[in-house]
Amino acid sequence: MIEHVIQNQWETNFQPEWFITIHWNDLPTSFETVQGHTRHLRNVFLTQLMGCGSPCDLPDPPGRPSAIFFHERSPVICRSRQILPFHTHLHLGELPSPLNEQWYLDVLLKGRVAPRVKKLLKTTTKGNEGLVIKRWNPEHHGFYNLKDYYKYKHHQDPDLVLDYINSDLLF
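What comes next concerns the included structure.

Rules of the game
Residues numbered from 1 in each chain as written. Predicted model: local features only at pLDDT ≥ 70, side-chain atom pairs only at ≥ 80, totals over all residues. Heavy atoms only, no water. Phe/Tyr/Trp six-rings, centres within 6.5 Å; stacked < 30°, edge-to-face > 60°. Helix = DSSP H or I, 4+ residues; strand = E, 2+ residues; numbered from the N terminus. Buried < 20%, exposed > 50% of the residue type's maximum accessible area, 1.4 Å probe, protein only. Pairing = 2+ DSSP bridges. Salt bridge = Lys/Arg side-chain N within 4 Å of Asp/Glu carboxyl O. Axes fitted to C-alpha atoms, helices over the stretch in contact; angles between N-to-C directions. Parallel < 35°, antiparallel > 145°, perpendicular 65-115°, else oblique. Left-handed = near helix turned anticlockwise from the far one by under 90°. Contact = heavy atoms within 4.5 Å. Nonpolar A, V, L, I, M, F, W, Y, C, P; charged D, E, K, R; others polar. Expected span 1.5 Å × (residues − 1). Arc of directions from axis to C-beta.

### As for the packing of aromatic side chains
Within this structure, the stated rule accounts for 4 aromatic pairs. Considering the side-chain rings of Phe-31 and Phe-86, the 5.9 Å spacing of their centres and the 75 degrees angle between planes classify their relative orientation as edge-to-face. A residue pair is termed long-range when its members are at least 10 positions apart, and Phe-31 in helix H2 (residues 31-50) and Phe-86 in strand S5 (residues 86-92) qualify at 55 residues. Owing to a relative accessible area of 3%, Phe-86 belongs among the buried residues under this scheme. On the numbers, 6.0 Å between centres and 90 degrees between planes, the contact of Trp-103 with Tyr-104 is edge-to-face. Three or more aromatic residues joined by ring pairs form one cluster here, namely Trp-10, Phe-14 and Trp-136.

### With respect to the pairing of strand S2 (residues 67-73)
The element S2 is extensively covered by neighbouring structure, given that 7 of its 7 residues are classed as buried. On S2, burial covers both faces: Ala-67, Phe-69, His-71 and Arg-73 on one face and Ile-68, Phe-70 and Glu-72 on the other are all buried. Relative to S5, S2 runs antiparallel, the two being bridged by 7 bridges. Note that in S5 the partner of Glu-72 across the bridge is His-87.

### Side note on the pattern of salt bridges
On inspection of all chains with the given rule, the structure shows 4 salt bridges. Asp-168 is the salt-bridge partner of Arg-42, the closest N and O atoms lying 3.5 Å from each other. Here Arg-42 is found in helix H2, whereas its partner Asp-168 is found in the segment after helix H5 (146-151), with 126 residues between them in sequence. In terms of burial, Arg-42 and Asp-168 fall into one category: buried.

### Topic: the packing of H2 against helix H3 (residues 102-113)
Contact geometry of H2 with H3 gives a least axis separation of 10 Å together with a crossing angle of 120 degrees. Regarding the angle of H2 to H3, the classification is oblique. Crossing of H2 over H3 shows right-handed handedness. Across the interface between the two elements, Val-44, Phe-45, Gln-48 and Leu-49 of H2 pack against Tyr-104, Leu-105, Leu-108, Leu-109, Arg-112 and Val-113 of H3. For the contact of H2 with H3, the residue count by class is 8 nonpolar, 1 polar and 1 charged.

### Describing unusual backbone geometry
In this structure, the amide linkage connecting Pro-61 to the following residue, Pro-62, adopts the cis form with an omega of 10 degrees. Here Pro-62 shows up in the loop between H2 and S2. With omega at 5 degrees, the peptide bond leading from Ser-97 into Pro-98 counts as cis.

### Observations concerning the environment of Leu-41
Here Leu-41 lies in helix H2. In this structure, the C-alpha to C-alpha distance between Leu-41 and Lys-118, residues 77 residues apart in sequence, is 9.3 Å. Contacts of Leu-41, omitting those with residues within four sequence positions, involve Ile-22, Trp-24, Phe-69, Val-117 and Leu-120.

### Examining helix H1 (residues 2-13)
With 12 residues, H1 should cover 16 Å at 1.5 Å per step; its first-to-last C-alpha distance of 15 Å lies within 8% of that length. Residues of H1 that are buried include every one of Ile-2, Val-5, Ile-6, Gln-9, Trp-10 and Asn-13, and no others. All buried residues of H1 lie within an arc of 130 degrees about the axis, which places them on one face of the element. With respect to the buried face of H1, the exposed residues turned more than 90 degrees away are His-4, Glu-11 and Thr-12.

So yeah, pure geometry; function would need other evidence.
Structure representation (structure tokens):
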């Protein structure tokens, strides 16, 4: 079911240009918490990108880049015990020309967005980066987030790897 929803988004809604991994400094283990962090990051990112004063002023796609968010779990050792916190993957559409460049996303996210998003991990150490920005590769990233869907489907509602609330889904 979810595979068809995702494939439909890539085929009929938009083809992402960017794949961005986002880590949170509070290691959220609740889906509601990571969804709230994502809502704040999304609003700050899009208002900075589009030069809007408020999220209420943001245009809907195609007037701005489309975004689809997934939340994935990875084991982490915290205070001598293993937890399964969420991190987030953003599949982002093409930015307005001429800004559709990795250096611009890096400056925007790390320089203008990160200081306004308290829960965003700000480290830049290789292997422990708060933000990792890559060009979207359909073979690698198209169904990348389904590995968590299958791995943790008995830990939570398996459909919750896809953030329906914060994503620009088109049906």
